[in-house]
Amino acid sequence: MAESVRRLLGKPGAVDLRPYTKLLSAIEDREADLRELDDSELTEAAIELGNAELPYERDDLVSLCAVGREAARRALDERPFDVQLLGVMSLLDGHVAEMATGEGKTLAGALAAAGFALRGRRVHLVSVNDYLAKRDAEWMRPLYDLLGVTVGWINEDSTPAERREAYTCDVTYAAVTELGFDVLRDRMVTDVDDRVVPPPSIAIVDEADSVLVDEARVPLVLAGAAESQVGDVEMADIVRHLRPRLHYTVDAEGRNVQLTDDGIDAVEKALGGVDLYSEDDTSILPQVNLALHAHALLQRDVHYVVRDGEVRLINESRGRIALLQRWPDGLQAAVEAKEKVEVSETGEVLDSITVQSLILRYPKRAGMTGTAMAVAEQLREFYELEVAVIPSNKPNVREDHGTRLYATREEKEDALVAKVAEIHETGRPILIGTQDVAESELLAGRLTEAGLECVVLNAKNDADEASIIAEAGTHGAVTVSTQMAGRGTDIRLGGSDMADRDRVVEAGGLFVVGYGRYPSSRLDGQLRGRAGRQGDPGDSLFFVSMDDDLIVNNAPESTGYTTSADGEITDEGWLAMVDHAQRVAEGQLLEVHRNTWRYNQLIDVQRDVVLEHREMVLTGDQGDRHVAADRAERHAELVEELDEERVARAARLITLFHLDRGWTDHNAFLAELREGIYLRYLGRRDPLDEFNREAVPVFKGFLDGARRRAAESFDELEVVDGELDVSTVGVKRPSMTWTYMVHDQPFSSALETFVGRLKGSPSRS
Ligand code: ADP
Ligand code: MG
């Protein structure tokens, strides 16, 4: 047994690896024989594994790993390491395999996917973005071919036909967003054949912590075209002149803004003496709030960029621009007014699904990531997943230095730039991680001033992200990157130039610098993990200042420290405070996650009721039967005049329309309810209880209401030129739909933060 395997056998709280490690020698014993087989015999050996059911018994598991290893050696010229096979076995058991960056998770994931596929399961390999979905599917294709497993991928611009085709493959690679959007679109079809996604079976989630934890609470939204909403330019101009603190206040998290009494007076005056709180006209206050939100909380280049005359959201967790993403309508319009750009197409939310609900649809789930233990509790609580900590193939020799703390941002930057200059002298490549686009650009400016040339990797050039990051390990390279931009792409020392590698290794490998600690230690770990892969030398060092948001927002009174001449704070107590602030931030994020989960649970229960009913209408004769029962006479007349089939089809379309319309309206009601409760019950009662108290009874009449409206529409239905045209009774589908991910859910996140705080502080009962 390899020493590296023995090292970490008994990690507390993690899956016991012994049952897997025990098999490693048996797997190796099979190797010589398998080499004797020709390719088609090897494929045969793989296919034979399909003669039994999941789970794999010991001998079959040994065969799978041995055949998989030989196939990878032939197809990819990479013989899977023992530790990768441990990863494969953990994935097959439905665990999250923690494997460091560069350990070869793509290959491990592919072998596990093939293992499931050979036993007749359909596998979705969930990626963090389109680029990786396509790259990994194509990269692993020769391996799948040799194992007799079909593979496909989906990208944002895939057509419905291409999607359907990809989903028929044994293994389908797709970004979590695309999977979610397909599920949402499928829920709106009026013809069974229009659906693209097969019933969920197995999900293997790459970068599992990003997807399952960081993005879990992010709703994926399907919207339909409606009347365009125009932002109030006058309002935007009025709030532009308001002064922070005097006219409005922003909460510590920057998620909520409120007018002060002075602010209310100023706005009322600017609007020509209106009463913002008048009962007669309740339309003004929401407009003021939207404009204020756009003005005070959403910063250009942090939350969005303006490109080609359009406002585009930045995906905050990755600092990348996402296509087709927008805020809820009013807010999008308000930001457009603020930036004085043209009004974009708007719509209404037809339905949404959180990443968490999406993944929980799969009866069996597994995942892989470099950083899982730190969120082990959440993976267990929200997904019933256990973490298997897979040791690295070679010992990690990266040196992680202690955080350097400075009094001011200025001093921190000076120290950082000096350090970068010093390291750069030695020729070592340097990767600097920042939190957002604005920070990247500021820092890049400072580096350039200091004569240090650097490449900036952020949302503004995301198309080139992968190729840039791939070269970040070359001699003398300085790369500034937003949080986790270019994830999933390897930073090889020396880049694509193998000759350069020795020089870079000699110099000490990649030096990773953090421009501030992230809101969780796990994110720090992801940045660190960029260096020291596969036993490479490397270093990591974080710089923090007392001005950093993390400290300002999460540390209690922070004065009274002493600094050295350059502003550094070296006192242990203050350094411990940095860790403390990070833990507070982590706790807050967890509470937010929990609360979204609680809200969505109720919504999901209601949605499932609707979907179950919808399925019976779509695939059966439920709609027709109801209409025939409720409007027997008219139904009989129409059947007489036309035929059963055409009447049944009209009944189905009408019923589906009223179900979907009803659900869209109910969704809007729930969204408003959440917001309203937040305002009404501020600090007095548990908003979640209130939400349930109101949402449950309203839903009681949902199905009956939809049925009644369907009957009414059916009443009005007339035969025109021997056909039933349902559009004459108002049955219209949105002319177009689009999808987006609500990364910064403005209103509800204010609510979530509020709920989080309420729950988090026992003193407020
Ligand atoms: P991860 O996703 O774990 O960060 P990747 O799957 O991107 O890592 O793989 C990192 C690099 O390691 C890739 O260049 C890949 O080709 C290489 N690699 C993976 N497995 C092996 C192996 N068994 N032998 C040699 N190279 C490997
Ligand atoms: Mg990867």
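These numbers come from a predicted model, not from an experiment.

**Student:** It is not clear to me how the overall build of the protein chain should be interpreted in this structure. Could you clarify?
**Tutor:** A tally of regular secondary structure across the protein chain gives 31 helices and 25 strands. Long-range contacts, defined as pairs at least 24 residues apart, comprise 76% of the intrachain contacts of the protein chain with a sequence gap of at least 6. Here the protein chain has roughly 32600 Å² of accessible surface; of this, 48% comes from carbon and sulfur atoms.

**Student:** Would you explain the nonpolar core in this entry?
**Tutor:** Side chains of nonpolar character tend, in soluble globular proteins, to be buried together. Met89, Leu143, Tyr144, Val171, Tyr173 and Ile204 are the most contacted members of the largest nonpolar core, which has 59 residues in total. The leading source of residues in this core is helix 8 (residues 105-118), at 10 residues. For Ile204, the residues in contact, after removing those within four places along its chain, are Leu91, Gly109, Ala112, Ala113, Phe116, Val123, His124, Leu125, Val126, Ala366 and Met368. Judged by nonpolar contacts, the second largest core, of 43 residues, contains Leu132, Val197, Val205 and Tyr362.

**Student:** What should I look at first to understand the packing of aromatic side chains in this one?
**Tutor:** Within this structure, the stated rule accounts for 7 aromatic pairs. Residues Tyr144 and Tyr173 carry aromatic rings whose centres are separated by 6.3 Å and whose planes lie at 75° to one another, so their mutual orientation is edge-to-face. Note that Tyr144 is positioned in helix 9 (residues 130-146) and Tyr173 in strand 4 (residues 171-175), a separation of 29 residues in sequence. Centre to centre, the rings of Tyr599 and Phe691 are 4.8 Å apart; their planes meet at 65°, and the pair counts as edge-to-face.

**Student:** Would you mind showing me how to read the environment of Lys394 here?
**Tutor:** Summarising the element assignment, Lys394 is placed in the loop between strand 14 (387-389) and strand 15 (399-400). When its relative accessible area of 45% is taken as the criterion, Lys394 is described as partly exposed. Considering only alpha carbons, one finds Lys394 and Gly535, 141 residues apart in sequence, at a separation of 5.1 Å.

**Student:** Quick question: what am I supposed to make of the site of ligand 1 here?
**Tutor:** Near ligand 1, the surroundings consist of 17 residues, among which Glu78, Arg79, Gly102, Thr106 and Arg492 are the closest. Glu103 places a main-chain nitrogen or oxygen 3.4 Å from an oxygen atom of ligand 1. Between Asp490 and ligand 1, the recorded distance is 3.2 Å, taken from a side-chain N or O atom to an oxygen atom. Here ligand 1 has 570 Å² of accessible area as a free molecule, and 86% of this is covered by the chains. A per-element tally of the shell around ligand 1 places helix 8 first, with 3 residues. By residue class, the composition of the shell around ligand 1 is 5 nonpolar, 5 polar and 7 charged. When residues of the shell around ligand 1 are assigned to domains, at least three fall in each of domain 1 (2-223 + 355-389) and domain 3 (399-570).

**Student:** Is there a simple way to think about the pattern of salt bridges in this case?
**Tutor:** Side-chain pairing between opposite charges can occur once the charged atoms of the two side chains come close. The tally for this structure, following the rule as stated, stands at 54 salt bridges. For the salt bridge of Asp16 with Arg18, the shortest nitrogen-to-oxygen distance reads 3.0 Å. Taking the relative accessible area as the measure of exposure, Asp16 reaches 33% and is therefore partly exposed. Residue Asp414 pairs with Arg446 through a salt bridge whose shortest N-O separation is 2.8 Å. Here Asp414 is found in helix 19 (residues 409-425), whereas its partner Arg446 is found in helix 20 (residues 437-449), with 32 residues between them in sequence. For Asp414, a relative accessible area of 38% corresponds to the partly exposed category.

**Student:** How should a negative patch on the surface be read in this particular structure?
**Tutor:** A cluster of acidic residues, Asp38, Glu41, Glu44 and Glu48, forms a negative patch at the surface. Its location among the elements puts Glu41 in helix 5 (residues 39-48).

**Student:** What is the right way to read unusual backbone geometry from this model?
**Tutor:** Only a minority of non-glycine residues have a phi that is not negative, and only a minority of peptide bonds are not trans. The peptide bond linking Leu54 to Pro55 adopts the cis configuration, its omega dihedral lying at -5°. Within the element layout of this structure, Pro55 appears in the loop between helix 5 and helix 6 (58-76). Positive phi, normally seen in glycine, also occurs at Asp721, with a value near 50°. By the element assignment, Asp721 lies in the loop between strand 23 (719-720) and strand 24 (723-724). Judged by relative accessible area, Asp721 falls into the exposed class, the value being 76%.

**Student:** How should I be thinking about the sheet that holds strand 1 (residues 96-98) in this particular structure?
**Tutor:** Across a sheet, strands are paired by hydrogen bonds formed along the backbone, either parallel or antiparallel in direction. Taken in spatial order, the 7 strands line up as 3-4-2-5-13-1-14 in an open sheet, and their pairing is parallel. Of all the strands in the sheet, the pair left with one neighbour each is strand 3 (151-154) and strand 14. Averaged over all pairs of adjacent strands, the angle between strand axes in this sheet comes to 20°, irrespective of strand direction. Pairing of strand 2 (residues 123-127) with strand 4 involves 5 bridges; the strand directions are parallel.

**Student:** Please explain the confidence of the model for the protein chain as it appears in this structure.
**Tutor:** Parts of the model with low pLDDT should not have their predicted coordinates read in detail. The predicted model of the protein chain has a mean per-residue pLDDT of 86, with 89% of residues at 70 or higher. Low confidence marks residues 320-325, where pLDDT is under 50. Its contacts with residues over four positions away, or in another chain, come to 25 contacts. A low-confidence stretch, residues 744-765 (pLDDT under 50), is modelled with 46 contacts involving residues beyond four sequence positions or located in other chains.

**Student:** Would you take a moment to explain the side chain of Thr664 for this structure?
**Tutor:** When you line up the elements, Thr664 lands in helix 28 (residues 644-680). Those residues in contact with Thr664 that sit more than four places away from it in its chain are Glu348, Val349 and Leu350.

**Student:** Even after reading the chapter, I still don't get helix 14 (residues 261-270), so can you show me in this structure?
**Tutor:** An α-helical segment advances 3.6 residues per turn. Residues three or four places apart therefore align on the same side. Among the residues of helix 14, Gly263, Ile264, Val267 and Glu268 are the ones counted as buried. Buried residues of helix 14, viewed axially, fall in a sector of 130°; they line one side. Away from its buried face, by an angle of more than 90 degrees, helix 14 presents the exposed residues Asp261 and Lys269. Tucked inside the fold, the buried residues of helix 14 contact helix 13 (233-240), strand 8 (257-259) and helix 15 (284-296).

**Student:** What am I meant to see in the pairing of strand 17 (residues 430-434) here?
**Tutor:** Within a regular beta strand, the side chains point alternately toward one face of the sheet and then the other, so they alternate between its two faces. Most of strand 17 is tucked away: 5 of the 5 residues are buried. Of the two faces of strand 17, both are covered, the one formed by Ile430, Ile432 and Thr434 as well as the one formed by Leu431 and Gly433. Pairing of strand 17 with strand 19 (residues 478-482) involves 5 bridges; the strand directions are parallel. Bridge pairing links Gly433 to Ser481 in strand 19. Examined bridge by bridge, strand 17 and strand 20 (residues 510-515) share 4 bridges and lie parallel to one another. Following the sheet pairing, Gly433 is matched in strand 20 by Gly514.

**Student:** Help me understand the environment of Pro80, please; the structure alone is not making it clear to me.
**Tutor:** When you line up the elements, Pro80 lands in the loop between helix 6 and helix 7 (82-92). A sequence separation of 28 residues divides Pro80 from Ala108, and the C-alpha atoms of the two residues are 7.9 Å apart. Pro80 has contacts with Arg69, Ala72, Leu85, Leu107 and Leu111, leaving out every residue within four places of it along the chain.

**Student:** Which parts of the structure should I look at to understand the side chain of Arg530?
**Tutor:** Turning to its location among the elements, Arg530 is positioned in the loop between helix 23 (521-528) and strand 21 (538-545). The residues touching Arg530, leaving out its near neighbours within four places in the chain, are Leu431, Ile469, Ala485, Gly486, Arg487, Thr489, Ile491, Leu510 and Val512.

**Student:** Any chance you could explain the environment of Arg380 here in plain terms?
**Tutor:** Inspection of the secondary structure puts Arg380 in helix 18 (residues 376-383). Note on Arg380: relative accessible area 37%, which makes it partly exposed. Arg380 has contacts with Gly13, Leu385 and Glu386, leaving out every residue within four places of it along the chain.

**Student:** Looking at this structure, how should I read the pairing of strand 4?
**Tutor:** The element strand 4 is largely enclosed, with a buried count of 5 among its 5 residues. Taking every second residue as pointing to the same face, both faces of strand 4 are buried, with Val171, Tyr173 and Ala175 on one and Thr172 and Ala174 on the other. Pairing geometry for strand 3 and strand 4, over 4 bridges, is parallel. Across the sheet, the residue bridging to Ile154 is Ala174, located in strand 4. One crossover worth recording links strand 3 to the parallel strand 4 by way of helix 10 (residues 160-168), and it is right-handed.

How each quantity is defined
- Residues numbered from 1 in each chain as written.
- Chains lettered and ligands numbered in written order.
- Predicted model: local features only at pLDDT ≥ 70, side-chain atom pairs only at ≥ 80, totals over all residues.
- Heavy atoms only, no water.
- Helix = DSSP H or I, 4+ residues; strand = E, 2+ residues; numbered from the N terminus.
- Contact = heavy atoms within 4.5 Å.
- Areas by Shrake-Rupley, 256 points an atom, 1.4 Å probe, with all protein chains shown as cover.
- Core = buried A, V, L, I, M, F, W, Y, C linked by side-chain atoms within 4.5 Å.
- Buried < 20%, exposed > 50% of the residue type's maximum accessible area, 1.4 Å probe, protein only.
- Phe/Tyr/Trp six-rings, centres within 6.5 Å; stacked < 30°, edge-to-face > 60°.
- Near = heavy atom within 4 Å.
- Polar contact = N/O pair within 3.5 Å; in protein donor to acceptor, adjacent residues only side chain to side chain.
- Nonpolar A, V, L, I, M, F, W, Y, C, P; charged D, E, K, R; others polar.
- Domains from an automatic or database assignment.
- Salt bridge = Lys/Arg side-chain N within 4 Å of Asp/Glu carboxyl O.
- Patch = residues over 30% accessible without salt bridge, like charges linked within 9 Å, V, L, I, M, F, W, Y side chains within 5 Å.
- Lys, Arg positive; Asp, Glu negative; His and termini not counted.
- Charge placed at Lys NZ, Arg CZ, Asp CG, Glu CD.
- Pairing = 2+ DSSP bridges.
- Axes fitted to C-alpha atoms, helices over the stretch in contact; angles between N-to-C directions.
- pLDDT = per-residue confidence, 0-100.
- Arc of directions from axis to C-beta.
- Right-handed = clockwise from strand over helix to strand, strands pointing away.

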